[in-house]
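Survey of secondary and tertiary structure
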Amino acid sequence: MENKKNASEDHQWLYSPSLESTSHIEIKDKYELFINNEWIAPTSNKYFDTINPADEKVLSKIAWANAQDVDKAVKAARKAYDEVWSKISAGDRSKYIFRLARMMQEKARELAVIETLDAGKPIRESRDIDVPLACNHFFYYAGWADKLDYAFPNQKTESLGVVGQIIPWNFPLMMAAWKIAPALAAGNTVVLKPAETTSLTALKLAEIIKEAGIPPGVINIITGHGDTGEALVKHPDINKIAFTGSTQVGKAIQKALVGTGKRSTLELGGKSANIIFDDAPIDQAVEGIVNGIFFNQGHVCCAGSRLYVQENIAEKLVEKLKHRMKSLILGNPLDKNTDIGAINSREQLQTIEKYIQIGIQEGSEIFQCEGALPANGFYCKPTIFTNVSQSSVLSQEEIFGPVLTIQTFRTIDEVIQKANNSPYGLAAGVWTDKGSKIFNLTSKLKAGVVWANTYNKFDPASPFGGYKESGFGREGGMHGLGAYLKIIK
Ligand code: NAD
């Protein structure tokens, strides 16, 4: 640690840079489509750049799949389903998934660094959260593949067939694992489309799939923009669409699927409430708030973006929160000291900045730490707004950035009403010393996940999903397995 004080904050110490090495990673100049365990050029011969949001430099060129390419991928998945994956024993399926998990683990460092470069998230998060959780998801579902009779006792299960999967950019590798692992364990084959700004770890996973000897066509990875996803949704030979992304696109997908007989699960946006009672351990709660909204630059569907604080502790808590925010380190995501990395894209940064302006215009009070942002790249300071009204745009709409609204409450009934007053219902947090309050709230909050005295904790064994405009269907646990099966009573 450098014995040097930051000019603006007398309590803060600057750390010497501790950059993660990039010498052990390999990123190709250009990536093709991964179909049938082969790298295939896109029919249109179109490619797009993927950039490092921390410095705006191009990392690689990515193939842009059109409807013809989607058709090739679906045909490969159908052939693999009919001739291989639905024929081999469940034990063999399990071994393949297990092998994939092991090989991902062996390449964990490379995956973590590539994720940080492509997505802008701090290396500490890619290394300690994204990649281990992605591996654990494969391990967990490898265990279920040959135990479906135990997961659903006295019921018969059948796989669905070919599944189309579309994922967002906030947890690229983890979202790929959440989609692929249960689908394979249940006996389906897949065509996965990563988000256009973060294709690299999915393509690295494709290399591992080939190396692991997963039979050709079982997992196909096609890259592209929204039109590629749309072609996948519309393909007639898909049995299910599993989508994670914005509510707006989720609604369009649901409309496109009406009457087709295709199954669907939609994991959509959120505007989750984090509720702090006056008997909560206040310092832990402050850490929980910071983790809830500033983790991954607020690019978390279940981010605790609406804070409700009991009135009698509000002043003290906000003061402590501001103090904690001043010690957050914003900067190069590859630096192991960094708490806040880069916003994933210029478009997303502009969206966040638009909402910050709306908050100011609405008359809310803004607080951001002092200090300059890096000259290049897309960065946003952690931001809090106080004096926010319940009906304001800021407290109703998903921002998907490091922006927190703070409101106060007096009674439990009031905070339940306020927390549920949202079109979304993905997650919530409750901080209190009293177990009875926790049980009371968890049954009354309309949120798929409710954390008590913690926030943003994930485990492959526990189901995750939303209410209302946050979507339907669950991922993780046995629920996530059931979403990829026909269950015949
Ligand atoms: P997005 O909806 O813009 O894109 C998601 C994916 O859908 C991308 O791969 C994109 O290329 C594709 N897509 C875009 N238009 C499409 C169309 N018309 N048809 C088919 N596919 C299409 O979302 P995003 O900006 O990448 O991600 C952010 C959103 O994802 C936020 O709203 C966030 O809350 C949500 N999210 C939800 C969860 C959850 O589990 N509920 C998890 C992560 C992210």
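It should be noted that the structure appears before, not after, this text.
First, a word on what this report is: a plain description of the structure on this page. (Residues numbered from 1 in each chain as written. Predicted model: local features only at pLDDT ≥ 70, side-chain atom pairs only at ≥ 80, totals over all residues. Heavy atoms only, no water.)

**Considering the sheet that holds strand β1 (residues 30-31)**
One open sheet accounts for three strands, arranged β1-β5-β4; its pairing is mixed. Sheet topology places β1 and β4 (47-52) at the edges, where each strand pairs with a single neighbour. Of the pairings in the sheet, the one linking β4 to strand β5 (residues 57-63) comprises six bridges and is antiparallel in character. Pairing of I51 across the sheet is with V58, part of β5. Contacts from helix α3 (residues 108-119) reach β4 and β5 within the one sheet, and its direction differs from that of β4 by about 100°. The sheet contacts of helix α7 (residues 200-211) involve β1, β4 and β5, and relative to β5 the element is tilted by about 55°. (Pairing = 2+ DSSP bridges. Helix = DSSP H or I, 4+ residues; strand = E, 2+ residues; numbered from the N terminus. Contact = heavy atoms within 4.5 Å. Axes fitted to C-alpha atoms, helices over the stretch in contact; angles between N-to-C directions.)

**Some words on the side chain of S199**
The residue S199 is located in the loop between β8 (189-193) and α7 in this model. Note on S199: relative accessible area 0%, which makes it buried. A distance of 3.2 Å separates a polar side-chain atom of S199 from the backbone oxygen of A195. Here S199 is in contact with F48, I62, D118, P194 and T223, once residues within four sequence places are set aside. (Buried < 20%, exposed > 50% of the residue type's maximum accessible area, 1.4 Å probe, protein only. Polar contact = N/O pair within 3.5 Å; in protein donor to acceptor, adjacent residues only side chain to side chain.)

**Quick notes on the site of the ligand**
Taken together, 28 residues are adjacent to the ligand, and I167, E196, S246, L268 and E398 come closest. S246 places a polar side-chain atom, nitrogen or oxygen, 2.6 Å from an oxygen atom of the ligand. Within the complex, 88% of the 850 Å² of free accessible area of the ligand lies under protein. Looking at the shell around the ligand element by element, the count peaks at three residues for helix α8 (residues 226-234). Here the shell around the ligand spans two domains, since at least three of its residues come from each of domain 1 (30-268 + 470-488) and domain 2 (273-459). (Near = heavy atom within 4 Å. Areas by Shrake-Rupley, 256 points an atom, 1.4 Å probe, with all protein chains shown as cover. Domains from an automatic or database assignment.)

**Notes on the sheet that holds strand β13 (residues 306-310)**
The strand order across the open sheet formed by seven strands is β14-β15-β16-β13-β12-β18-β19, and the pairing between neighbours is mixed. Two strands close off the open sheet at either side, each with one partner strand: β14 (365-368) and β19 (449-452). Strand-to-strand twist in this sheet, taken as the mean axis angle between neighbours without regard to direction, amounts to 20°. By the bridge criterion, four bridges tie strand β12 (residues 273-276) to strand β18 (residues 427-431) in an arrangement that is parallel. Counterpart to I276 in the pairing with β18 is W431. In the packing of helix α12 (residues 346-361) onto the sheet, the strands contacted are β14, β15 (383-386) and β16 (403-409), and the crossing angle to β15 comes to about 25°.

**Focus: the environment of R263**
Mapping R263 onto the fold places it in strand β11 (residues 263-267). Each C-alpha atom, one on R263 and one on K240, is 4.4 Å from the other, the two residues being 23 residues apart in sequence. If sequence neighbours within four positions are ignored, R263 has contacts with L160, N239, K240, I241, L257, A483, L485 and K486. Within polar-contact distance, the side chain of R263 engages the backbone oxygen of L485 at 3.1 Å.

**Remarks on the state of the cysteines**
Within the structure shown, the criterion is met by zero disulfides. Just so you know, C369 is unpaired, no disulfide at all, and the nearest cysteine sulfur is the one on C380, 11 Å from it. Given the relative accessible area of 15%, C369 is considered buried. (Disulfide = S-S within 2.5 Å.)

**A closer look at the environment of I276**
Here I276 shows up in strand β12. Once the C-alpha coordinates of I276 and L317 are considered, the two residues, 41 residues apart in sequence, prove to be 9.3 Å apart. Apart from the residues lying within four places of it in its own chain, the contact partners of I276 are A285, I289, L307, Y308, V309, Q310, I313, L317, F409 and W431.

**Description of helix α10 (residues 282-294)**
With 13 residues, α10 ought to run about 18 Å at 1.5 Å a step, and its terminal C-alpha atoms sit 18 Å apart, in line with that. Listed in full, the buried residues belonging to α10 are I282, A285, V286, G288, I289, V290, G292, I293 and F294. In this structure, the buried residues of α10 make contact with β12, β13, α11 (311-326), β15, β16 and β18. Looking one or two places after α10, you find N296, whose phi comes out positive at around 55°. (Expected span 1.5 Å × (residues − 1).)

**Focus on the pattern of salt bridges**
Pairs can form between side chains of opposite charge once their charged atoms are near each other. Tallying each qualifying case throughout the model produces 28 salt bridges. We note a salt bridge from K193 to E196, for which the minimum N-O separation is 3.7 Å. On the basis of relative accessible area, K193 is assigned to the buried category, the value being 3%. Overall, the relative accessible area of 27% leaves E196 in the partly exposed class. R410 is the salt-bridge partner of E311, the closest N and O atoms lying 3.0 Å from each other. Here the residue E311 occupies a position in helix α11, and R410 occupies one in the loop between β16 and α14 (412-420), the gap between them amounting to 99 residues. Overall, the relative accessible area of 39% leaves E311 in the partly exposed class. The network of salt bridges with common partners includes K28, E110, K204 and E207. (Salt bridge = Lys/Arg side-chain N within 4 Å of Asp/Glu carboxyl O.)

**Focus: the nonpolar core**
Note on soluble globular proteins: their nonpolar side chains tend to be buried together. Among the nonpolar cores identified, the biggest contains 103 residues, and I219 and I276 are the most heavily contacted of them. At 11 residues, the largest contribution of residues to this core is made by helix α6 (residues 172-185). Both domains that meet at this core, namely domain 1 (30-268 + 470-488) and domain 2 (273-459), each give it at least three residues. Among the nonpolar cores identified, the runner-up in size contains 23 residues, and I35, A231, L266 and L268 belong to it. (Core = buried A, V, L, I, M, F, W, Y, C linked by side-chain atoms within 4.5 Å.)

**Points about the side chain of H137**
Mapping H137 onto the fold places it in helix α4 (residues 123-144). When sequence neighbours within four positions are dropped, the list of residues in contact with H137 reads A177, W178, A181, P182, P460 and G476.

**Some words on unusual backbone geometry**
A positive phi angle, close to 60°, is found at N36, a residue other than glycine. On the secondary structure map, N36 appears in the loop between β2 (33-35) and β3 (38-40). Of the residues examined, N36 reaches a relative accessible area of 34% and is grouped as partly exposed. If you check the backbone angles, N154 has positive phi at about 60° while not being a glycine. For N154, a relative accessible area of 81% puts it in the exposed group.

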